[in-house]
Amino acid sequence: MNKLKKYTVINRALALISLLFVFSFASCEDVVNLDLETGETKLVIDAEIIWKKGTDGKEQTIKISKTAPYYSGSTPKVSGAQVRVENSNGDVFTFNETETGVYKCTDFVPVIDMDYTLFVEAEGQSFTAVEKLTSVTPINKVEQKIVPDFGGDDVIELTFYYNDPADQVNFYITDYQSEFLIYPEYEITNDEFYNGNEISTRYSNEDMKPGNTVTITHRGVSKNFFNYWKLILEASNSNPFSVPPGNIRGNIVNTTDATNFALGYFRLCEADQVPYLVQ
């Protein structure tokens, strides 16, 4: 059983529509670049603290960049920032820049249900955010079968199972990564109708073949981050790495100038990661 929102059907429908347009305008060979309006440049703080089961969680990474025009072809990285995270006990974890725009910590201490505060000083601005580290139950098993696809062909479907805690309201975000995917594909799940039961979540892709390894990363997340990520996925058709919708704001606050907010969301997730070899 599961309650999830899956963001793959829309992509397939759009692909079919796009194909019709290609055939309709096959004689047109001119490339048209639209004169798009350039919005205000924003700082982007990609701050996910992810504690994978079976690890000590000491190594964590935060990335800082800027938004760029659609046709720029690159993302400006932000160097020279000061980045740290503090927990509710007053312990401080410093993130040092290891390459341009990439800040790493090697002594982080993850504690379930503890509050953590992010502090970022970048380009003369101060940013902060607060979030709790959310737990996740482990994946029990992964099963595989063949099912009919949207277009009529048979495809491989994977299903993984986990037990939802009965004494909590839980929210989950799962991503799938493999060699046949350019970007991870995401699903969001909550236990609104299945609290305390075993939940099953299914995944299929027409390009998935025997011999592929699909890495399933299953996170426990806060309700606020769940709602934020849902908006991101709905706006970007399951690819959160496309141009981010500028009007979807996360929990990162600019304490120097509240109107100059940063994009991104500071989140702390326990995760269970399972690599599955497709048979």
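Quick caveat: nothing in here was measured; it's all calculated off a predicted structure.

Further remarks concern a negative patch on the surface. Where like charges cluster on the molecular surface, the negative patch consists of Asp153, Asp154, Glu206 and Asp207. As for its position among the elements, Asp207 is in the loop between β13 (198-204) and β14 (213-221). Residue class for Asp207 comes out partly exposed when judged on its relative accessible area of 42%.

Bringing the pattern of salt bridges into the picture now. Summed over all chains, the structure comprises eight salt bridges. With its nearest N and O atoms 2.9 Å apart, the salt bridge here joins Glu123 to Lys66. Remark: Lys66 occurs in strand β3 (residues 60-66) and Glu123 occurs in the loop between β7 (115-122) and β8 (125-134); sequence separation between them is 57 residues. One connected set of salt bridges, linked through shared partners, spans Glu48, Asp175 and Arg219.

With respect to the element layout, Thr256 can be found in the loop between β15 (253-254) and β16 (266-277). Distance from Thr256 to Glu121, taken between C-alpha atoms, is 9.9 Å for residues 135 residues apart in sequence. Residues in contact with Thr256, not counting those within four places in the same chain, are Gly124, Gln125 and Ser126.

The next point concerns the sheet that holds β13. The three strands lie next to each other as β9-β10-β13, forming an open sheet whose pairing is antiparallel. Strand pairing shows two members of the sheet lacking a second neighbour, β9 (139-148) and β13, which therefore form its edges. Direction aside, neighbouring strands of the sheet carry axes that sit 25 degrees apart on average.

In this section: the packing of aromatic side chains. All told, the structure shown has 11 aromatic pairs when counted by the stated rule. Taking 5.2 Å as the distance between ring centres and 70 degrees as the angle between the ring planes, the aromatic pair formed by Tyr186 and Trp229 counts as edge-to-face. Of this pair, Tyr186 sits in strand β12 (residues 185-190) while Trp229 sits in helix α2 (residues 223-236); the two residues are 43 residues apart in sequence, bridging distant segments of the chain. According to the relative accessible area criterion, Trp229 is buried, its value standing at 11%. Here Phe225 and Tyr228 contribute two aromatic rings whose centre-to-centre distance is 6.0 Å and whose plane-to-plane angle is 25 degrees, an arrangement assigned as stacked. Linking Phe225 with Tyr228, this pair stays in helix α2, spanning three residues, or about one helical turn. Of the residues examined, Phe225 reaches a relative accessible area of 4% and is grouped as buried. Among the aromatic residues, ring-to-ring pairing joins Tyr186, Phe225, Tyr228, Trp229 and Tyr265 into one connected group. One cation-aromatic arrangement involves Arg84 over Phe119; the distance from NZ or CZ to the ring centre is 4.1 Å. A cation over a ring is seen here: Lys141 above Tyr161, with NZ or CZ 4.9 Å from the ring centre.

Moving on: the pairing of strand β10 (residues 154-163). Regular strands place their side chains on alternate faces of the sheet. Counting buried residues along β10, eight of its 10 residues qualify, which places the element largely inside the surrounding structure. Where β9 and β10 come together, nine bridges link them in antiparallel fashion. The residue bridging Ile146 from the neighbouring strand is Ile156, located in β10. Where β9 folds back onto β10 in an antiparallel hairpin, the turn is made up of five residues, including Gly152, whose phi is positive at roughly 105 degrees. Relative to β13, β10 runs antiparallel, the two sharing seven bridges. Paired with Thr159 across the two strands is Arg202, which belongs to β13.

Cut-offs used in this document
Residues numbered from 1 in each chain as written. Predicted model: local features only at pLDDT ≥ 70, side-chain atom pairs only at ≥ 80, totals over all residues. Heavy atoms only, no water. Patch = residues over 30% accessible without salt bridge, like charges linked within 9 Å, V, L, I, M, F, W, Y side chains within 5 Å. Areas by Shrake-Rupley, 256 points an atom, 1.4 Å probe, with all protein chains shown as cover. Salt bridge = Lys/Arg side-chain N within 4 Å of Asp/Glu carboxyl O. Lys, Arg positive; Asp, Glu negative; His and termini not counted. Charge placed at Lys NZ, Arg CZ, Asp CG, Glu CD. Helix = DSSP H or I, 4+ residues; strand = E, 2+ residues; numbered from the N terminus. Buried < 20%, exposed > 50% of the residue type's maximum accessible area, 1.4 Å probe, protein only. Contact = heavy atoms within 4.5 Å. Pairing = 2+ DSSP bridges. Axes fitted to C-alpha atoms, helices over the stretch in contact; angles between N-to-C directions. Phe/Tyr/Trp six-rings, centres within 6.5 Å; stacked < 30°, edge-to-face > 60°. Lys NZ or Arg CZ within 6 Å of the ring centre and 35° of its normal.

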